[in-house]
Amino acid sequence: MANGTAVIAGKSFYEEGTTKSKSGIASWIFSTDHKRIGLLYLISIVSFFIIGVIIAELIRLELIAPGETIVDAETYNRLFTLHGVIMIFLFIIPGIPAVFGNFFLPIQIGAKDVAFPRLNLLSWWLYMTGAVLAITSLFLPGGPADTGWTFYVPYSVRTGSNVIFALLAAFILGFSSILTGLNFVTTVHRLRIKGMSFFKMPLNIWALYATAWIQVIATPIIGITLLLIIIERTFGVGIFDPTLGGDPVLYQHLFWIYSHPAVYVMILPAMGVVSEIIATFSRRTVFGYKMVAFSSLTIAFVGYLVWAHHMFTAGLSETAAVVFSLLTFIVAIPSAIKVFNWVATMYKGSIDPRTPFKWVMVFIFLFSIGGLTGLVLGSLATDVHLHDTYFVVAHFHFVMFGGAGTIFFAAMHYWFPKMFGKMYNEKIADIGVYMFLISFLTLYFPMFLLGYNGQPRRYFDYLPQFQTLHVISTIGAWMMLITITLVVWNLIHALRKGEKAPDNPWGGVTLEWQTSSPPPLENFEEMPNVPNEPYDFSHLTGIKDGSK
Amino acid sequence: MLYLEVTSHAEKVDSVMLYITVISLIFLIGITATMLYFVYKYNRKRNPEAKNIHGNFWLEFVWIVIPTILVLTMFYYGYVGYKDIKADPGEDALTVRAVAQMWKWEFVYENGKKSDTLYVPSGKPVRLLLVSLDVNHSLYIPAYRVKQDVVLGTTNKLIIYPEKTGDYDIACAEYCGLKHSMMYTKLRVVDENNFNDWYAKK
Ligand code: HEM
Ligand SMILES: [Cu+2]
Ligand SMILES: [Cu+2]
């Protein structure tokens, strides 16, 4: 049944659900089908992403000139906090695992669903509860939090804004993340189809598996930390606030013990998707499969040991600073290895650079810049200068947006035909990729220069000498808005008007390409064949597939 | 702007920056060019059959070892540039308490003199003792390439070595609320005599 020949025309998961109600919203929001849950996440996450982008546009507009332009300082501070919280907790952390992990993890290992479908639905509900709490805080007296997404104490204990709501929201979102992690770990261990040993799993599964472990192990720490601030704020118990006898640096430690690993929750799943796309469009096996798989696990575990590189200027002892700087450089290596392996996978491939592959090329370029500028921040002498400046803002946008965000788009274009059974206009999609690259560099590259020249971050106002660079960046933000509109519009248009997609439009060999587009309720009409090795394209040769 | 180097420490930081940036650029260009070349050379139009290559031990070994060595050198230079500003200059340094509060700085000298501008003599190390009255702040002198957080409840230390006379910006680099972006003041480096005159004045 492999290779794109249609399975017996059964019902797709759109036509057959798990709920009593056959159609309407209830058949979605109470569905335990991992694919429907994936789509619920898709709609919610993309909506929040768009809200985050709109807020960012306001931030950038305010920064077009020094002094007050469109909002006052107080509003500005709330805006960047909201932008950060939405992008981190509602978009990029859940992002790829919640949408594409949910949809494709069971299919890629030949399972009917995840191990705990109801828990899976609960995670989405928790996600929505957290999101709604965050949004509610906008309209309560006190207004939304103005602390930055890091909620540093003592400011977060003192401010009059609605910090508790934001913290509670983040706390609940954490549980959603833990449950998804638990579900994925168990699913990978228990529900692999017969014949699929660990080393036959697609690299996407390895990445999701490593990520799930981080979610399970690291997230409780942030949960407890946020709870401690709530206790401190509500009952005046001294934990982090020195006037009550607490220690503000302790907060920073606890915060980053979670939030650094969280960076890998953002990027590891993206790395998994990259391996899939490069293999499919190069029609060959991933160079150094085991190395790529193990580097995911290495990143997941060594990633716990570098948190204090966010605190080099907080008054760490010299010894601590040296140790954390050294470990930071070491943890850069597995990421570098992955990049080399990906490029090597193109060597002697048979490359058809379609839209998803183009997104991946953009990813490799932007993510390399993000990673390499991370070296500057890991090095002590330079970090003391650049910490908390726009250099850091540029760096993390390159990693999170240029890295994980780009791959969210790549995954969208790679799996769109499978998820919706429709094809999109590839010409427009390609234009979107080029525009994205140009807008991205215009928007964020000036920020490296701003930072090196001493412009601190979280600044409502700035010195006149920085204006030129800020103006360029703001223009980039408008270009980015146009790009995102075009890309999203193109996909929405395809949903309604797109041609019917074949089962295997790209000639992929992982199991999702052996079922129909879109898949049936329990994913396969017939049990799929597990290939001898994860990326074995040999039986594809000569078979006609969707590529031109 | 800031590119000029007004202290030897600033020069050192810039050279570490240059070192890392040059190596990074070589990698970035190398990776990007190789990728573009492969996509051209092995395009399906030119190369309809892929060759499966599972890996190559020596190649992978090399590209683990070389980057590891390179990042270790980066680590080392970064550390050296950091160590020299951490060492305490001892007796002959001028000690000044820098008191931060929302959203202004005050500098208190050993003779009790107070100022909202940081006056220092050129050629003499200055030990800044950083204290906060409310939330965290961070004393940042971009021209000197140094900053140190001002943490409520602890006294952090920042040592600077003023050389060229002139005025330099001091900014707050740790978010501290409403007017965080306006918490600017000046570091004013004057020569020894001028400083002594100023210091003696009530
Ligand atoms: C059109 C797209 C975007 C624009 C124009 C933009 C712009 C900005 C700017 C100018 C800041 C700095 C504000 C300041 O320090 O005063 C900022 C902060 C931030 N951005 Fe974005 N951004 C965009 C997309 C994203 C995405 C996709 C993510 C995450 C994946 C993200 C995550 C963050 C975070 C975490 C912060 C830090 C907030 C804080 O300081 O607490 N941004 N953004
Ligand atoms: Cu980190
Ligand atoms: Cu401040």
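Just so we're clear, the structure is a prediction, and the values are computed from it rather than from any experiment. (Residues numbered from 1 in each chain as written. Chains lettered and ligands numbered in written order. Predicted model: local features only at pLDDT ≥ 70, side-chain atom pairs only at ≥ 80, totals over all residues. Heavy atoms only, no water.)

Some words on the overall build of chain B
The secondary structure content of chain B amounts to three helices and ten strands. Listing each helix as α and each strand as β along chain B from the N terminus yields α-α-β-β-β-β-β-β-β-β-β-β-α. For 202 residues, the compact-globule estimate of 2.2 N^0.38 gives 17 Å, and chain B exceeds it by more than 25% at 24 Å. C-alpha extents for chain B along the principal axes are approximately 85 × 35 × 30 Å. Per-residue burial over chain B gives 51% buried out of 202 residues. Within chain B, counting contacts between residues at least 6 apart in sequence, those at least 24 apart form 68% of the total. As displayed, chain B has an accessible area near 9600 Å², and 60% of this comes from carbon and sulfur atoms. Chain B carries 23 positive and 21 negative side-chain charges, and their two centres are separated by 7 Å. (Helix = DSSP H or I, 4+ residues; strand = E, 2+ residues; numbered from the N terminus. Rg over C-alpha atoms; globule rule 2.2 N^0.38 Å. Buried < 20%, exposed > 50% of the residue type's maximum accessible area, 1.4 Å probe, protein only. Contact = heavy atoms within 4.5 Å. Areas by Shrake-Rupley, 256 points an atom, 1.4 Å probe, with all protein chains shown as cover. Lys, Arg positive; Asp, Glu negative; His and termini not counted. Charge placed at Lys NZ, Arg CZ, Asp CG, Glu CD.)

Focus on empty space enclosed by the protein
Residue and element names in this part refer to chain A. Evaluation of the coordinates by the stated rule reveals seven cavities of 30 Å³ or more. Taken together, 16 residues form the lining of the second largest cavity, with Phe 89, Ile 93, Pro 94, Leu 173 and Ser 177 sitting closest to its centre. Mapped onto the lining of the second largest cavity, the elements with two or more residues apiece are helix H7 (163–190) and helix H8 (203–235). Considering every element that reaches the lining of the second largest cavity, the biggest residue donor is H7, with six residues. (1 Å grid on protein atoms, 1.4 Å probe; cavity = no way out; pocket = protein on both sides within 12 Å on 5 of 7 lines; lining within 4 Å. Points joined across faces, edges and corners; volume = space filled by probe spheres on them.)

Remarks on the site of ligand 1
Residue and element names in this part refer to chain A. In the vicinity of ligand 1 there are 29 residues, among which Tyr 76, His 83, His 397, Tyr 444 and Arg 458 approach most closely. Trp 149 places a main-chain nitrogen or oxygen 2.9 Å from an oxygen atom of ligand 1. Tyr 444 has a polar side-chain atom sitting 3.2 Å from a nitrogen atom of ligand 1. Mapped by element, the contributors of at least two residues to the shell around ligand 1 are helix H2 (34–62), helix H3 (73–92), helix H14 (390–420), helix H15 (426–452) and helix H16 (467–497). The leading source of residues in the shell around ligand 1 is H3, at seven residues. (Near = heavy atom within 4 Å. Polar contact = N/O pair within 3.5 Å; in protein donor to acceptor, adjacent residues only side chain to side chain.)

Re helix H10 (residues 289–302) of chain A
All names here are of chain A. The first and last C-alpha atoms of H10 sit 20 Å apart over 14 residues, in line with the 20 Å expected at 1.5 Å per residue. When we look at burial in H10, the residues that qualify are Tyr 289, Val 292, Ala 293, Ser 295, Ser 296, Ile 299 and Ala 300. Looking straight down H10, one finds its buried side chains confined to an arc of 160°; they lie on one side. (Expected span 1.5 Å × (residues − 1). Arc of directions from axis to C-beta.)

What about the coordination of the copper ion (ligand 3)?
The protein atoms that coordinate the copper ion (ligand 3) are Cys 172 of chain B (SG), Glu 174 of chain B (O), Cys 176 of chain B (SG) and His 180 of chain B (ND1), at distances of 2.1 to 2.6 Å. One can describe the donor arrangement at the copper ion (ligand 3) as tetrahedral, given that its four donor atoms subtend angles of 86 to 129° at the metal. (Donors = N, O, S within 2.8 Å, 3.2 Å for Na, K, Ca; no water. Tetrahedral: all angles 85-135°; square planar, octahedral: opposite > 155°, others 65-115°.)

Description of the confidence of the model for chain B
As a general rule, the predicted coordinates of low-pLDDT regions are not to be interpreted in detail. All names here are of chain B. Scored by pLDDT, chain B has a mean of 93; 99% of the residues are at 70 or more. When mean pLDDT is taken per element in chain B, strand E6 (residues 137–141) scores highest with 97 and helix H2 (residues 57–86) scores lowest with 93. Across the whole predicted complex the pTM is 0.95, and at the interface the ipTM reaches 0.96. (pLDDT = per-residue confidence, 0-100.)

Describing the interface of chain B and chain A
With 75 residues of chain B at the contact, the number on the chain A side is 91 residues. Summing both sides of the interface, chain B and chain A together bury roughly 7300 Å²; the carbon and sulfur share of this comes to 67%. If you sort the residues of chain B by the area they bury against chain A, Arg 44, Tyr 82 and Tyr 175 of chain B come out on top, with a joint share of 11%. Applying the counting rule to chain B against chain A returns one salt bridge. Note that Arg 44 of chain B is salt-bridged to Asp 352 of chain A, the shortest N-O span being 3.8 Å. Summed over the shared surface of chain B and chain A, the result is 27 residue pairs in polar contact (both at pLDDT 80 or more). At the level of elements, helix H1 (8–41), H2, strand E7 (146–150) and strand E9 (166–172) of chain B are the ones that each hand at least two residues to the side of chain B that touches chain A. (Buried area = accessible area lost by both parts, 1.4 Å probe. Salt bridge = Lys/Arg side-chain N within 4 Å of Asp/Glu carboxyl O.)

A short note on the packing of aromatic side chains
Applying the stated rule across the entire model yields 78 aromatic pairs over all chains. An angle of 70° between the planes, with centres 5.7 Å apart, marks the rings of Phe 445 of chain A and Phe 448 of chain A as edge-to-face. Highlighted residues: Phe 445 of chain A and Phe 448 of chain A, both in helix H15, separated by three residues, approximately one helical turn. Looking at Phe 448 of chain A, the relative accessible area reads 6%, which means it is buried. A cation over an aromatic ring shows up here: Arg 46 of chain B above the ring of Tyr 40 of chain B, its NZ or CZ 4.1 Å from the ring centre. For Lys 147 of chain B, the ring lying beneath its charged end belongs to Tyr 140 of chain B, and the centroid distance is 3.9 Å. (Phe/Tyr/Trp six-rings, centres within 6.5 Å; stacked < 30°, edge-to-face > 60°. Lys NZ or Arg CZ within 6 Å of the ring centre and 35° of its normal.)

Describing the sheet that holds strand E3 (residues 114–115) of chain B
Residues and elements named next belong to chain B. Strand order in the open sheet made by the five strands is E3-E2-E1-E5-E8, with mixed pairing throughout. Among the strands making up the open sheet, the edge pair consists of E3 and strand E8 (156–160). As judged from the five bridges shared by strand E5 (residues 126–132) and E8, these two strands associate in the antiparallel manner. Across the sheet, Leu 129 pairs through a bridge with Lys 157, a residue of E8. (Pairing = 2+ DSSP bridges.)

A few points about the nonpolar core
The biggest cluster of nonpolar side chains holds 253 residues, and the ones touching the most others in it are Phe 100 and Ile 364 of chain A together with Tyr 109, Leu 139, Tyr 144 and Leu 187 of chain B. No other element matches the 21 residues that H14 of chain A contributes to this core. Per-domain counts for this core show at least three residues from each of domain 1 (8–84) and domain 2 (94–200) of chain B. Excluding its chain neighbours within four sequence positions, the residues that come into contact with Leu 139 of chain B are Ala 98, Trp 105, Phe 107, Leu 128, Leu 130, Val 146, Lys 147, Gln 148, Val 150, Leu 158, Ile 170 and Ala 171 of chain B. Residues Leu 133, Ala 134, Ala 169 and Ile 172 of chain A belong to the second largest nonpolar core, which totals five residues. (Core = buried A, V, L, I, M, F, W, Y, C linked by side-chain atoms within 4.5 Å. Domains from an automatic or database assignment.)

Side note on the domain arrangement of chain B
It is common to give the size of an interface as the accessible area lost on bringing the parts into contact. All names here are of chain B. Examined at the domain level, chain B breaks down into domain 1 (8–84) and domain 2 (94–200). Placing the centre of domain 1 and that of domain 2 at their C-alpha centroids yields a distance of 39 Å. Contacts between domain 1 and domain 2 engage six residues on the former and six residues on the latter. At the boundary of domain 1 and domain 2, one finds one salt bridge.

Overview of the coordination of the copper ion (ligand 2)
Residues and elements named next belong to chain A. Distances from the copper ion (ligand 2) to its protein donors, His 260 (ND1), His 309 (NE2) and His 310 (NE2), fall within 1.5 to 2.2 Å. Sequence spacing among the residues donating to the copper ion (ligand 2) works out to H-x48-H-H. Considered together, His 309 and His 310 belong to a single accessibility category, that of buried residues.

Digging into helix H11 (residues 318–346) of chain A
For H11 of chain A, which comprises 29 residues, the first-to-last C-alpha distance of 44 Å matches the rise-based estimate of 42 Å (1.5 Å per residue) to within 8%. Looking one or two residues beyond H11 of chain A, the residue adopting positive phi is Lys 348 of chain A, at roughly 55°.

Some words on the packing of helix H4 (residues 95–108) of chain A against H8 of chain A
All names here are of chain A. Running from N to C, H4 and H8 cross one another at 125°; their axes reach a closest spacing of 10 Å. The angle between H4 and H8 places the two elements in the oblique class. Along this stretch, H4 crosses H8, giving a crossing that reads as left-handed. The residues of H8 that touch H4, namely those facing Pro 97, Gly 101, Leu 105 and Gln 108, are Asn 204, Ile 205, Leu 208 and Thr 211. (Axes fitted to C-alpha atoms, helices over the stretch in contact; angles between N-to-C directions. Parallel < 35°, antiparallel > 145°, perpendicular 65-115°, else oblique. Left-handed = near helix turned anticlockwise from the far one by under 90°.)

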